[in-house]
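Residue-level listing of the chains:
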Amino acid sequence: MSNETVIKLDNVSVFQEHSAVVNNINLEVKKGEFVYMIGKTGSGKSSLLKTLYGELPLKQGEATVAGFNLKNVKRKEIPFLRRKLGIVFQDFQLLSDRSVYENLRFVMKATGWKDEAAIKKQIDSVLKKTGLENKGQKMPYELSGGEQQRVSVARALVNSPEIILADEPTGNLDPETSSEIMSLLLDIAKSGTAILFATHDFILYNKFPSRTLKFENGKVEQLG
Amino acid sequence: MLNCGKFQNMSAAATNVKDLKVSKLAENIIGSEIIKLAGEVNEKIKQGEKIYNLTIGDFNPKQFPIPAELKQYIVDEYFADQTNYPAADGMLELRNAVSNLLKQRGGLDYKNDEILIAGGARPVIYAIFRTLVDANDTVIFAVPSWNNNHYTYLNGAKPVVIQATPENNFMPRAEDIKPFIKEATLLALCSPQNPTGTIFSKEALEEICDMVIAENLRRGPEQKPLYVMYDQIYWALVLGENKHYNPVSLRPEMRNYTVFVDGISKSLAATGVRVGWSMGPKRIIDKMKAVLTHVGAWAPRAEQMATAKYLSDLNLYDTYLVTQKKKISDRLEGFYKGFMALKSEGFGVHAITPQAAIYLTIQFNLNGKKTAEGNVLENTADVTRYILDEAKIAVVPFYAFGADKDSTWYRLSVGTCSLEDVSAAIESLRAALKKLS
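Treat the numbers as computed from the prediction; the structure is a model and nothing was measured. (Residues numbered from 1 in each chain as written. Chains lettered and ligands numbered in written order. Predicted model: local features only at pLDDT ≥ 70, side-chain atom pairs only at ≥ 80, totals over all residues.)

Residue and element names in this part refer to chain B. Taken domain by domain, chain B consists of domain 1 (24-63 + 320-434) and domain 2 (68-318). Every contact between the two is made by 27 residues of domain 1 and, on the other side, 30 residues of domain 2. Those elements giving two or more residues to the side of domain 1 that touches domain 2 turn out to be helix 13 (314-344), strand 10 (359-364) and strand 13 (409-413). Classifying every residue of the side of domain 1 that touches domain 2 gives 18 nonpolar, 6 polar and 3 charged. (Domains from an automatic or database assignment. Contact = placed C-beta atoms within 7 Å. Helix = DSSP H or I, 4+ residues; strand = E, 2+ residues; numbered from the N terminus. Nonpolar A, V, L, I, M, F, W, Y, C, P; charged D, E, K, R; others polar.)

This paragraph deals with the sheet that holds strand 4 (residues 158-163) of chain B. Residues and elements named next belong to chain B. The 7 strands lie next to each other as 2-8-7-6-5-3-4, forming an open sheet whose pairing is mixed. Every interior strand has two partners, whereas the edge strands, strand 2 (115-118) and strand 4, have only one. In this sheet, adjacent strand axes meet at a mean angle of 20 degrees when their direction is disregarded. The sheet contact formed by strand 5 (residues 184-190) and strand 6 (residues 227-231) spans 5 bridges and is parallel. Bridge pairing in strand 6 places leucine 187 opposite valine 228. Packing of helix 11 (residues 282-295) onto the sheet brings it into contact with strand 2, strand 7 (258-263) and strand 8 (276-279), and relative to strand 2 it is tilted by some 20 degrees. (Pairing = 2+ DSSP bridges. Axes fitted to C-alpha atoms, helices over the stretch in contact; angles between N-to-C directions.)

A few words now on the nonpolar core. Membership of the largest hydrophobic core comes to 134 residues, with the highest contact counts inside it found for B:Leu187, B:Met229 and B:Ile393. The element that contributes the greatest number of residues to this core is helix 6 (residues 121-132) of chain B, accounting for 8 residues. Both domains that meet at this core, namely domain 1 (24-63 + 320-434) and domain 2 (68-318) of chain B, each give it at least three residues. Formed by 57 residues, the second largest nonpolar core is a distinct cluster that contains A:Met37, A:Val65, A:Ile87 and A:Leu94. (Core = buried A, V, L, I, M, F, W, Y, C linked by C-beta atoms within 7 Å. Buried ≥ 20, exposed ≤ 12 C-beta atoms within 10 Å, placed from the backbone.)

A few words on the interface of chain A and chain B. Tallying the contact residues gives 14 residues for chain A and 10 residues for chain B. Mapped by element, the contributors of at least two residues to the side of chain A that touches chain B are helix 2 (78-83) and helix 3 (100-110) of chain A. A per-element tally of the side of chain A that touches chain B places helix 2 of chain A first, with 4 residues. Per-class residue counts for the side of chain A that touches chain B are 8 nonpolar, 2 polar and 4 charged.

All names here are of chain A. One open sheet accounts for 4 strands, arranged 2-1-4-5; its pairing is antiparallel. The outermost strands of the open sheet, each flanked by one partner alone, are strand 2 (19-30) and strand 5 (68-69). With 2 bridges joining them, strand 4 (residues 60-65) and strand 5 adopt antiparallel strand pairing. Paired with valine 65 across the strands is phenylalanine 68, a residue of strand 5.

Time to look at the packing of helix 3 of chain A against helix 4 (residues 116-129) of chain A. All names here are of chain A. In the contact formed by helix 3 and helix 4, the axes pass within 10 Å of each other and the chain directions differ by 125 degrees. Between helix 3 and helix 4, the interaxial angle falls into the category oblique. Where helix 3 crosses over helix 4, the handedness of that crossing is right-handed. Residues Tyr101, Leu104, Arg105 and Met108 of helix 3 touch helix 4, and the partners they reach there are Ile119, Gln122, Ile123 and Val126. Broken down by class, the residue content of the contact of helix 3 with helix 4 amounts to 6 nonpolar, 1 polar and 1 charged. (Parallel < 35°, antiparallel > 145°, perpendicular 65-115°, else oblique. Left-handed = near helix turned anticlockwise from the far one by under 90°.)

Before going further, it helps to examine the confidence of the model for chain A. For chain A, per-residue confidence averages 92 on the pLDDT scale, and 99% of positions sit at 70 or higher. For chain A, the element scoring lowest by mean pLDDT is helix 7 (residues 202-207) of chain A, at 84; strand 5 of chain A scores highest, at 96. (pLDDT = per-residue confidence, 0-100.)

Below, the discussion takes up the confidence of the model for chain B. Residues and elements named next belong to chain B. Per-residue confidence for chain B gives a mean pLDDT of 94; residues scoring 70 or more make up 96%. In the model, residues 1-13 has pLDDT below 50 throughout and makes 0 contacts with residues more than four positions away in sequence or in other chains. Two summary scores accompany this predicted model of the complex, namely pTM at 0.87 and ipTM at 0.77.

Looking now at the pairing of strand 4 of chain B. All names here are of chain B. Sheet analysis places strand 3 (residues 138-143) next to strand 4, joined by 6 bridges and oriented parallel. What sits directly across from valine 143, in strand 4, is glutamine 163. Note that the unit made of strand 3, helix 7 (residues 148-154) and strand 4 has a crossover that is right-handed. (Right-handed = clockwise from strand over helix to strand, strands pointing away.)

Residues and elements named next belong to chain A. Two numbers describe how helix 3 lies on helix 5 (residues 145-157): the axes approach to 9 Å, and their chain directions differ by 30 degrees. Between helix 3 and helix 5, the crossing angle belongs to the class labelled roughly parallel. Seen along the crossing, helix 3 lies across helix 5 with a hand that is right-handed. Mapping the contact onto sequence places Val100, Asn103, Leu104 and Val107 in helix 3 and Val151, Ala154 and Arg155 in helix 5.

Turning to helix 14 (residues 380-390) of chain B, a few remarks are in order. All names here are of chain B. Within helix 14, burial applies to Thr380, Val383, Thr384, Tyr386, Ile387 and Leu388. On its buried face, helix 14 sits against strand 10, strand 11 (393-394), strand 12 (396-397) and helix 15 (419-434). Within two residues after helix 14, lysine 392 carries a phi angle of roughly 60 degrees, on the positive side.

So, on to unusual backbone geometry. Residues and elements named next belong to chain B. Geometrically, the link from valine 143 to proline 144 is a cis peptide bond, its omega value of 5 degrees lying close to zero. Position of proline 144 among the secondary structure elements: in the loop between strand 3 and helix 7. Positive phi values are uncommon outside glycine, yet asparagine 169 reaches one of about 55 degrees. Relative to the assigned elements, asparagine 169 resides in the loop between strand 4 and helix 8 (174-177). Backbone geometry at arginine 274 places phi at a positive 65 degrees, although glycine is not the residue there. Looking at where arginine 274 falls in the secondary structure, it is placed in the loop between strand 7 and strand 8.

Residues and elements named next belong to chain B. You can see asparagine 379 is positioned in the loop between strand 10 and helix 14. Here asparagine 379 falls in the exposed class, since 11 other C-beta atoms lie within 10 Å of it. Note: C-alpha distance between asparagine 379 and asparagine 96 (283 residues apart in sequence) is 52 Å. If near-sequence neighbours (up to four positions away) are discounted, asparagine 379 is found in contact with Asn367 and Asp406.

Spelled out as structure tokens, the structure:
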């Protein structure tokens with residue numbers, strides 16, 4: 001694991017509308033680290049993730065994410081910030097009218113890829129990484145929930161992100177499939193991508209222990 | 001563990017989920033065309049792009065909130081335990097309030113037993129089709145229009161589709177309809193019209209009414225008459241000097257043949273509150289009530305009581321609408337002027353003067369133009385994509401409303417945009433148009 005810091009937060013407070021939900025977060029995440037965020041619904045995990053990807057403005061504190069200073073980031077720089085991040089949600093949010101391959105291709109086109117040969121090469125590579133080698137031509141409805149979530153992980157990987165932000169990515173999956181997705185994400189972390197993983201699934205976090213941030217009573221506590 | 005194994009075996013033996021057989025009706029049902037485009041737009045927004053998303057026929061509550069009083073009343077009604085079944089035809093309080101609203105503001109006289117409340121306009125439309133139209137009956141509607149094709153399909157009826165033209169503000173005319181009325185059961189009209197934001201003139205609607213009256217005289221009492229479904233869900237949002245007309249006020253003989261679609265979804269920007277209603281001849285309203293009873297598509301009881309209370313003070317309603325219409329009008333006028341300015345600068349765009357609702361009809365005449373990368377825009381799909389990719393503007397092509405695939409016209413909705421977005425979007429469009437050769 002390298003020592004390169006990819007997320008650094010100093011006294012960050014996270015706001016929903018006008019009220020702060022979490023105060024004074026200090027955090028440093030390095031390349032390839034896997035970090036759990038645990039806490040009840042409404043404890044501020046999702047709001048912190050949204051702040052990190054520029055969906056909510058940073059109103060208080062200093063934050064650097066993938067080289068972007070969130071305090072000064074301009075609206076038109078947000079797409080470039082997002083390209084350094086991969087985001088995975090609980091609902092897979094795939095385009096239902098097109099194949100796995102076309103889902104990935106759409107995101108790549110939208111993020112500036114032009115060369116079709118390079119696009120194909122990258123798609124083949126991320127499908128392989130996520131164990132979907134033979135699924136490129138499948139439509140989302142032909143896939144199981146676990147496979148669909150693999151596709152959204154593959155989608156998060158197409159721009160070779162420095163960080164993956166995962167918001168309850170196993171929330172819709174059965175325990176066995178959740179473990180498979182976990183193993184996949186841990187492998188991705190090993191290859192150098194930092195992962196922030198919000199969950200309230202304690203079984204998962206007991207089974208695959210890693211550094212953990214606990215969100216409670218408006219504060220973040222570091223465990224383990 | 002045993003159970004687990006058993007289920008695994010069962011699923012191995014069963015058909016693949018995607019191959020499960022369903023009814024022929026469900027097999028062939030078409031989802032909304034707009035949803036495909038919306039998926040792409042949302043994906044781009046997720047990637048962090050600033051997109052002017054003008055596709056949605058809805059209101060952004062941050063820009064267009066429902067009346068504060070209505071919001072409070074809804075909460076109050078839940079605390080007053082208005083949480084059990086509503087009356088099947090709607091709460092009497094609301095039917096009285098609607099009757100009064102129609103009398104005071106709509107120029108229409110319908111008693112509380114000639115009004116049916118439902119969960120928005122869609123169940124009303126469904127009930128009208130179910131009540132009036134048999135399988136293989138003919139339904140006439142013009143395109144572009146909203147969802148008539150789907151309701152016709154759900155009834156197993158035969159559609160007669162009229163292509164409305166820009167010369168007539170995309171409103172159908174009596175002479176367009178006339179060749180088909182002899183075999184028709186239902187004529188579906190909408191004014192102010194979704195998706196065009198245009199309205200019937202008095203004369204045009206009178207001509208259609210006279211034609212329907214004459215046809216029904218010809219049929220006589222033994223035959224099912226030709227009915228008109230008159231969707232006036234946007235009637236409170238008629239802008240400037242324009243005036244809303246309805247068949248029954250213009251021609252009282254139309255009363256027996258007209259069933260209205262109406263509600264608060266658009267007038268009070270309350271699309272998610274789900275309070276709509278229909279008014280028409282008592283016999284038809286009673287049958288629609290019977291149909292809807294089995295669907296259960298009622299408006300929630302608390303929302304009905306709150307709406308009744310809100311509508312009991314029409315000063316509140318009037319004041320709210322003045323502000324609301326000003327906000328809508330500023331945006332529509334802003335876009336209209338912007339498009340006409342671009343047109344006068346020589347770009348291949350056009351727009352139709354907005355009259356009502358939250359929509360502007362616009363045109364991109366860009367087929368054959370070449371992009372900076374040297375790609376030629378060959379069809380409407382290419383143009384739509386270019387406008388989305390380069391101008392960052394998302395609008396809905398008229399083919400999504402049943403018009404020809406090659407139609408160069410689009411619906412622009414202002415319900416979700418801020419006033420600042422208007423000029424910014426026009427600038428973004430100008431920059432994109434300049435890159436074409």
